[in-house]
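Per-entry structural report
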Amino acid sequence: MLEVHDIHKSFGAREVLKGVSLSVDKGSVVAILGPSGSGKTTLLRCINFLEKADGGSLTFDGERLDLARMTRADAARIRRKTAFVFQSYNLFRNKTVLQNVTEGLVVARRMPKAQADAVAVQMLEKVGMADRCGQYPHQLSGGQQQRVAIARALATSPEIIYFDEPTSALDPELTGEVLDVMRQLAAEGMTMLVVTHEMAFAREVSSHVVFMEDGVVVESAPSADFFERPGQERTRAFLRRIAGR
C-alpha cells in the first residue's frame, strides 16, 4: 500500500533524515521505534506532507510521487486516503466532541450535516466516546481527548492512519485506554504506521518494526524477529536498555 524510498530532510545545516526507506502492507501495523532525536516524527510528517522532504519518493496505491517536487494537489489527493493522529490531540477547544469529528467532513469533504453527524456518532461509539458528544475538550481527560482524535481520523474512512506518539502526552493510567482502541483497530485490519515508545504495544500488536537512530534505519524486521532475534548490535543495546528500566 505505502512505500517510501530514500527520504532526506534537513533543517538548516542539520540533516535529520539521511535516506530513509520503508514499506507498509495493507492491513499491517508497522511500529517505528528509536531514541529521541532519531528522526521518527520528522519521517512521519514528511510522509503525510506536514513537512516537505528534500528528496525521496513515496508510492501510495501504485501512484509514485517525487517528494521534493510534488504539488499541493498531489498532497491533497493522497491525504484524502490517509489520517493523522497527533501527540497533542489537536482538537478545537471551542467545539464539542461531535463538532470536532464532523468539522472535517462538513467543511473539507462537503458532507451533509446530518450524514456527518451519523458518521461521527458511529465512530465515537467505536472508541467509547459516544456519550460525550455534547462535551468540550476541556471537560475530558487526555485519554478521552485522544480517543476523540482517533474517532475524527476514522470518520474519513482512511486507508491508513499515521500515529505520532499517541500516548506520549498521557499519564500512564490513561495510556491503556488509547492503546486498547488501537488494538481493536489492528484486530479489525486497519493499516497503521505508528511512531511509539510503547514497547509492549509494539511487540504485541505490530506486524513489523522499523528501528531508527540518527536519521537512518538501523534495522527493519518482522516484530517477532526484532524482539527475539535482533540482527544489529545497536538494536540489541536499545532493547537491553529499555528492558532495564
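Before reading further, recall that the structure is shown in the block above.
Note that the structure is predicted; figures quoted are calculated from it, not measured. (Residues numbered from 1 in each chain as written. Predicted model: local features only at pLDDT ≥ 70, side-chain atom pairs only at ≥ 80, totals over all residues. Heavy atoms only, no water.)

1. A few points about the environment of His197
Put simply, the rule is: Runs of H or I in DSSP of at least four residues are treated as helices and runs of E of at least two as strands, each being numbered from the N terminus. Any pair of residues with heavy atoms lying within 4.5 Å of one another is described as a contacting pair. Here a polar contact is recorded for every N or O atom pair within 3.5 Å, except that within protein the pair must consist of a potential hydrogen donor and a potential acceptor, and residues adjacent in sequence are included only if both atoms are side-chain atoms.
Within the secondary structure, His197 sits in the loop between β8 (191-195) and α7 (199-205). Not counting residues up to four positions away in its chain, the partners in contact with His197 are Glu165, Thr167 and Ser168. Here the side chain of His197 touches Glu165 through a polar contact of 2.7 Å, side chain to side chain.

2. A short note on the layout of surface pockets
Where empty space is left becomes clear once a probe the size of a water molecule has been rolled over the atoms. Quick note on the threshold: Each cavity reported here is a set of points on a 1 Å grid over the protein atoms alone in which a 1.4 Å probe fits but cannot get out, each pocket an open set with protein on both sides within 12 Å along at least five of seven lines, and each lining residue one with an atom within 4 Å of a point. Grid points are joined across faces, edges and corners, and a volume is the space filled by probe spheres set on the points. Residues are sorted three ways: Asp, Glu, Lys and Arg are charged, Ala, Val, Leu, Ile, Met, Phe, Trp, Tyr, Cys and Pro are nonpolar, and all the rest, Gly among them, are polar.
Here the largest pocket defines a volume of roughly 630 Å³. Lining the largest pocket are 23 residues, with Thr82, Ala83, Phe84, Arg152 and Thr156 sitting closest to its centre. Elements with a contribution of two residues or more to the lining of the largest pocket: α2 (72-79), β6 (82-85), α3 (97-107) and α5 (142-155). It is α3 that provides the largest number of residues to the lining of the largest pocket, a total of 6 residues. Considering only residue class, the lining of the largest pocket consists of 12 nonpolar, 6 polar and 5 charged. The computed volume of the second largest pocket comes to approximately 330 Å³. Lining the second largest pocket are 21 residues, and of these Gly34, Pro35, Ser36, Gly37 and Lys40 sit closest to its centre. Residue assignment for the lining of the second largest pocket shows that the elements contributing at least two residues are β2 (14-24), α1 (40-47) and α9 (233-243).

3. Things to note about the sheet that holds strand β5 (residues 63-66)
Within a sheet, adjacent strands bond to each other through the backbone by hydrogen bonds, running parallel or antiparallel. As a reminder, the rule being used: Pairing between two strands is assigned when DSSP locates at least 2 bridges connecting them. Structural elements are reduced to axes, namely lines fitted to C-alpha atoms, with helices fitted over the stretch in contact, and the angle between N-to-C directions of any two is expressed from 0 to 180 degrees.
Pairing within the open sheet is antiparallel, and its 4 strands lie in the order β2-β1-β4-β5. If you trace the sheet from one side to the other, it starts and ends with β2 and β5, each paired once. Averaged over all pairs of adjacent strands, the angle between strand axes in this sheet comes to 20°, irrespective of strand direction. Sheet contacts for α1: β1 (2-11), β2 and β4 (55-60); angle to β1, the most-contacted strand, approximately 115°. Along the sheet face, α2 touches β4 and β5 and points at about 140° away from the line of β5.

4. Re the sheet that holds strand β3 (residues 29-33)
Reading across the sheet, the 6 strands line up as β6-β7-β8-β3-β9-β10 and stay open at both edges, with mixed pairing between neighbours. In the strand order of this sheet, the two ends are held by β6 and β10 (216-222), each with one partner. Sheet twist, expressed as the mean angle between neighbouring strand axes with direction ignored, is 15°. Bridge count between β6 and strand β7 (residues 160-164): 4 bridges; the pairing is parallel. By the bridge assignment, Phe84 is partnered in β7 with Tyr162. Relative to β6, α5 is tilted by about 170°, and along the sheet it contacts β6 and β7. Together, β3, β7 and β8 form the strand contacts of helix α6 (residues 172-187), whose direction differs from that of β8 by roughly 145°.

5. Comments concerning the packing of aromatic side chains
Note the following rule: Ring pairs are drawn from Phe, Tyr and Trp, using the six-membered ring of Trp, whenever the two centres fall within 6.5 Å, and their geometry is named by plane angle: stacked under 30 degrees, edge-to-face over 60, tilted for the rest. Any residue under 20% of the maximum accessible area for its type is buried, any over 50% is exposed, and the rest in between are partly exposed; the area is computed with a 1.4 Å probe on protein chains only.
Under the criterion given, the structure shown has 5 aromatic pairs. Centre to centre, the rings of Phe211 and Phe238 are 4.7 Å apart; their planes meet at 40°, and the pair counts as tilted. Of this pair, Phe211 sits in strand β9 (residues 208-213) while Phe238 sits in helix α9; the two residues are 27 residues apart in sequence, bridging distant segments of the chain. Accessibility assignment for this pair places Phe211 and Phe238 in one class, buried.

6. A word on the side chain of Thr156
Examined against the element boundaries, Thr156 turns out to sit in the loop between α5 and β7. Among the polar contacts made by the side chain of Thr156, one reaches the main-chain carbonyl oxygen of Ala153 at a distance of 2.9 Å. Not counting residues up to four positions away in its chain, the partners in contact with Thr156 are Thr82, Ala83, Leu105 and Arg109.

7. Structural notes on α6
Basically, it comes down to this: The span you would expect from a helix comes to 1.5 Å times its residue count less one. The directions from the helix axis to the C-beta atoms are what the arc is built from.
The terminal C-alpha atoms of α6 lie 23 Å apart, and with 16 residues this matches the ideal 22 Å at 1.5 Å per residue to within 8%. Turning to α6, its buried residues are Leu174, Thr175, Val178, Leu179, Val181, Met182, Leu185 and Ala186. Taken down its axis, α6 places every buried residue within 150° of arc, on the same side. Every exposed residue of α6 that faces more than 90 degrees away from the buried side is listed here: Glu173 and Ala187. Where α6 is buried, its residues meet β3, α4 (113-126), α5, β7, β8 and α7. Gly189 occupies a position one or two residues after α6 and carries a positive phi of about 95°.

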